[in-house]
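# Topology and contacts: notes
So the chains spell out like this:
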Amino acid sequence: IPMAALQMLLLCLLVLAVPEGRGRQAAIPGCHLHPFNVTVRSDRQGTCQGSHVAQACVGHCESSAFPSRYSVLVASGYRHNVTSVSQCCTISGLKKVKVQLQCGGDRREELEIFTARACQCDMCRLSRY
């Protein structure tokens, strides 16, 4: 196959592999800020409420699994035969933002909420927020 034909075939495959529209952001590798709408209420009855665009961390981080080394096998009594390493997309920085809440009539309140300021691939862990 001539080189020009191979280059054209590769270009066609790349064009087919690129998603259209909104899906394009999800296809970008890494961990990124992603806006989402949040409705904030002052209480369970929704006496005062407002909305704000907050930031979340969304994306893909690396992970791998491989056969464990002999020393790991021996130390685990031959039960730990696969070692996996992974990272998760996490919030690495927070910031407070003020949300204006509309109450009955002309009354307004202000409430502070947290939003993501920065994201990174980091050690996966369970968190209680």
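For the structure itself, consult the block above.
Residues numbered from 1 in each chain as written. Predicted model: local features only at pLDDT ≥ 70, side-chain atom pairs only at ≥ 80, totals over all residues. Heavy atoms only, no water.

### With respect to the overall build of the protein chain
Selection rule: Each helix corresponds to a stretch of at least 4 residues labelled H or I by DSSP, and each strand to a stretch of at least 2 residues labelled E; elements are numbered beginning at the N terminus. Three exposure classes are used, based on accessible area relative to the maximum for each residue type with a 1.4 Å probe and protein chains only: buried under 20%, partly exposed in between, and exposed over 50%. When checking whether two residues touch, look at their non-hydrogen atoms; a contact exists if any pair is within 4.5 Å. The Shrake-Rupley method, run with a 1.4 Å probe, gives the accessible areas here. Residue values count only the displayed protein chains as cover.
A count of helical and extended segments in the protein chain gives three helices and five strands. Of all 129 residues assigned to the protein chain, the portion counted as buried reaches 17%. Contacts in the protein chain between residues far apart in sequence, at least 24 positions, make up 52% of those at least 6 positions apart. When the accessible surface of the protein chain is split by element, carbon and sulfur atoms take 57% of a total near 10,400 Å².

### Observations concerning the state of the cysteines
Threshold: Throughout, a disulfide means two cysteine sulfur atoms within 2.5 Å of one another.
All chains considered together, the criterion is met by five disulfides. Linked covalently through their sulfurs, Cys31 and Cys89 form a disulfide whose S-S length is 2.0 Å. Between Cys31 and Cys89 the disulfide shows an S-S torsion of about 80 degrees. By sign, it is right-handed. Here Cys89 lies in strand β4 (residues 82–102) and Cys31 lies in strand β1 (residues 30–41), a separation of 58 residues in the sequence. Covalently, Cys88 is tied to Cys124 through a disulfide, its sulfur atoms 1.9 Å apart. Residues Cys88 and Cys124 share a disulfide whose torsion about the S-S bond is about 100 degrees; that sign makes it right-handed. Placement of Cys88 in strand β4 and of Cys124 in the segment after β5 (108–123) is noted, with a sequence separation of 36 residues between them.

### Quick look at the pattern of salt bridges
Let me state the cut-off plainly: The term salt bridge refers to a pairing of a side-chain nitrogen on Lys or Arg with a carboxyl oxygen on Asp or Glu at a separation within 4 Å.
The full count for this structure, using the stated rule, is four salt bridges. A salt bridge links Lys96 to Glu112; the nearest nitrogen and oxygen atoms lie 3.8 Å apart. Residue Lys96 is located in strand β4, and its partner Glu112 is located in strand β5; the two are separated by 16 residues in the primary sequence. Overall, the relative accessible area of 44% leaves Glu112 in the partly exposed class. The closest approach of N and O atoms between Glu109 and Arg107, which form a salt bridge, is 3.0 Å.

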